[in-house]
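Single-letter residue listing:
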Amino acid sequence: MDKLIYTGKAKQMWQTADPNVLKVVYTNQATALNGKKKDQIREKGELNNQISTLVFDYLIANGIPTHFIKKLNDTEELVKKCQMIRLEFVTRNVCAGHFASRFGMEEGRVFDQPVEELFYKSDELGDPFLNNSGAQGLGFATADDLQACWHLSERVNTLLTILFRRAGMQLVDFKLEFGKLPDGHIVLADEFSPDNCRLWDLKTRQHMDKDVFRRNLGDLTVTYEEVLHRLQKALGKEN
Ligand code: ADP
Ligand code: UDP
């Protein structure tokens with residue numbers, strides 16, 4: 001019998017009979033402002049499960065090591081259980097969100113090169129910023145771990161920038177999480193969906209990600225459906 005081991009802001013993690021395998025259940029909960037804004041969004045769980053499955057399949061096909069095993073049904077998938085590195089690896093191609101407010105900059109400025117930022121994953125502390133030396137000094141990751149994670153982040157950025165462009169969207173920024181398998185190998189974990197990236201329509205500049213919820217810009221379900229359909233088309237996987 002599967003056993004619930006963690007309930008997060010958007011997913012539940014279940015231990016399966018295999019000690020090395022977790023079942024992920026995508027829920028309809030959306031949160032913003034570090035959990036202060038919270039709502040149930042129709043079909044969000046299954047949309048993110050479908051989008052993340054397409055993205056992970058594409059990354060795996062392009063040589064990225066990940067935790068992903070397979071999608072089970074509408075809202076569930078199986079993943080390799082990892083010892084998570086409690087850091088959020090954020091890559092920004094275009095100025096937006098907190099970076100824009102922190103630096104008093106207009107959203108939309110394209111950076112001369114991708115900006116990489118690291119945050120300590122802690123809801124209680126509001127995910128504070130730290131740099132590579134902070135992460136090493138506090139024992140969250142070794143220099144080798146960080147190098148491996150940033151190298152993977154850069155490859156993911158290149159691959160997904162191409163994929164989303166093909167789907168008519170600009171990959172503005174995104175957050176990745178990494179974990180270690182029992183053999184010590186680092187893999188891309190968690191999810192990749194419009195919950196943890198920013199996507200702007202290439203023509204209209206319209207927001208096609210969780211900013212629609214954060215900023216009350218419209219119907220999040222309709223937005224995520226559009227992201228899914230465009231990705232399916234770009235990947236030749238239309239139903
Ligand atoms: P949060 O914890 O930020 O509220 P979620 O609701 O998405 O986020 O919960 C998923 C949790 O599972 C996250 O804490 C994430 O770090 C963790 N996780 C993701 N992939 C794996 C994995 N392969 N093994 C173990 N834990 C994972
Ligand atoms: N992000 C995330 N989880 C977090 C913080 C940020 O997935 O806890 C993602 C967010 O969706 C965006 C990118 O990381 O794609 C950069 O987010 P930012 O620091 O601008 O914060 P935000 O404005 O999203 O709160």
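The coordinates are above.
Residues numbered from 1 in each chain as written. Chains lettered and ligands numbered in written order. Predicted model: local features only at pLDDT ≥ 70, side-chain atom pairs only at ≥ 80, totals over all residues. Heavy atoms only, no water.

What exactly am I supposed to notice about the site of ligand 1 here?
Taken together, 17 residues lie around ligand 1, and Tyr6, Lys9, Lys11, Lys121 and Glu177 are the ones closest in. Contact distances for ligand 1 include 2.6 Å between an oxygen atom and a side-chain N or O atom of tyrosine 6. Side-chain polar atom of histidine 67 to a nitrogen atom of ligand 1: 2.8 Å apart, as the coordinates give it. In isolation ligand 1 exposes 550 Å². Once the protein is present, 88% of that is buried. Mapped onto the shell around ligand 1, the elements with two or more residues apiece are β2 (11–15) and β7 (76–80). (Near = heavy atom within 4 Å. Polar contact = N/O pair within 3.5 Å; in protein donor to acceptor, adjacent residues only side chain to side chain. Areas by Shrake-Rupley, 256 points an atom, 1.4 Å probe, with all protein chains shown as cover. Helix = DSSP H or I, 4+ residues; strand = E, 2+ residues; numbered from the N terminus.)

Looking at this structure, how should I read the nonpolar core?
As a rule of thumb, nonpolar side chains are buried together in soluble globular proteins. Of all hydrophobic cores here, the largest spans 49 residues; its most connected members are Leu59, Leu87, Leu160, Phe164, Phe178, Phe192 and Leu231. The greatest single-element share of this core, amounting to nine residues, is contributed by helix α4 (residues 143–166). In this view, leucine 160 contacts Val55, Tyr58, Leu59, Leu171 and Phe192; residues no more than four positions away in its chain are not counted. In terms of nonpolar packing, the next biggest core, distinct from the first, is built from five residues, Met13, Val24, Tyr26 and Val79 among them. (Core = buried A, V, L, I, M, F, W, Y, C linked by side-chain atoms within 4.5 Å. Buried < 20%, exposed > 50% of the residue type's maximum accessible area, 1.4 Å probe, protein only. Contact = heavy atoms within 4.5 Å.)

Got a minute to help me understand the pattern of salt bridges in this structure?
Pairing between side chains of opposite charge can happen when their charged atoms approach one another. For the structure on display, the rule yields 23 salt bridges. Note that arginine 42 is salt-bridged to glutamate 43, the shortest N-O span being 3.8 Å. Exposure remark for glutamate 43: the relative accessible area of 31% places this residue in the partly exposed category. A salt bridge links glutamate 117 to arginine 102; its shortest N-O distance comes to 2.8 Å. You can see glutamate 117 sitting in strand β10 (residues 110–120) and its partner arginine 102 sitting in helix α2 (residues 97–103), a full 15 residues away along the chain. Classification of arginine 102 by relative accessible area gives partly exposed; the value is 43%. Taken together, the shared-partner salt bridges connect Arg92, Arg102, Glu107, Glu117, Asp173, Arg198, Asp211, Arg214 and Arg215 into one network. (Salt bridge = Lys/Arg side-chain N within 4 Å of Asp/Glu carboxyl O.)

Got a minute to help me understand the packing of helix α1 (residues 44–61) against α4 in this structure?
A pair of packed helices is captured by two measures, namely the crossing angle of their axes and the spacing between those axes. The contact between α1 and α4 brings their axes to 11 Å, and the two run at 125°. Classified by the angle between their axes, α1 and α4 sit oblique to one another. At the point where α1 passes α4, the crossing takes the right-handed sense. In this structure, α1 uses Val55, Tyr58 and Leu59 to contact α4, whose residues at the interface are Val156, Leu159, Leu160, Ile162, Leu163, Phe164 and Arg166. Residue classes in the contact of α1 with α4 are distributed as nine nonpolar, no polar and one charged. (Axes fitted to C-alpha atoms, helices over the stretch in contact; angles between N-to-C directions. Parallel < 35°, antiparallel > 145°, perpendicular 65-115°, else oblique. Left-handed = near helix turned anticlockwise from the far one by under 90°. Nonpolar A, V, L, I, M, F, W, Y, C, P; charged D, E, K, R; others polar.)

Explain the packing of aromatic side chains to me, please; I cannot follow it from the model alone.
By convention here, two paired aromatic rings are described through the distance between centres and the angle between planes. If you walk through the whole model with that rule in mind, you get nine aromatic pairs. Judged by centre distance (4.3 Å) and plane angle (5°), the ring pair of tyrosine 120 and phenylalanine 140 falls under stacked. Within this pair, whereas tyrosine 120 is found in strand β10, its partner phenylalanine 140 is found in the loop between α3 (132–137) and α4, the two being separated by 20 residues in sequence. A relative accessible area of 16% places tyrosine 120 in the buried class. Exposure remark for phenylalanine 140: the relative accessible area of 26% places this residue in the partly exposed category. Ring geometry for phenylalanine 174 and phenylalanine 192: centres 5.8 Å apart, planes at 55°, overall tilted. Placement of phenylalanine 174 in strand β12 (residues 169–180) and of phenylalanine 192 in the loop between β13 (186–189) and β14 (197–201) is noted, with a sequence separation of 18 residues between them. Just as phenylalanine 174 is buried, phenylalanine 192 falls in that class too. Among the aromatic side chains, those forming a connected cluster through ring pairs are Phe89, Trp150 and Phe178. Lying over the aromatic face of tryptophan 14, lysine 23 brings its terminal NZ or CZ to 5.3 Å of the ring centre. Across from the ring centre of phenylalanine 213, 4.6 Å away, lies the NZ or CZ of lysine 37, which sits over that ring. (Phe/Tyr/Trp six-rings, centres within 6.5 Å; stacked < 30°, edge-to-face > 60°. Lys NZ or Arg CZ within 6 Å of the ring centre and 35° of its normal.)

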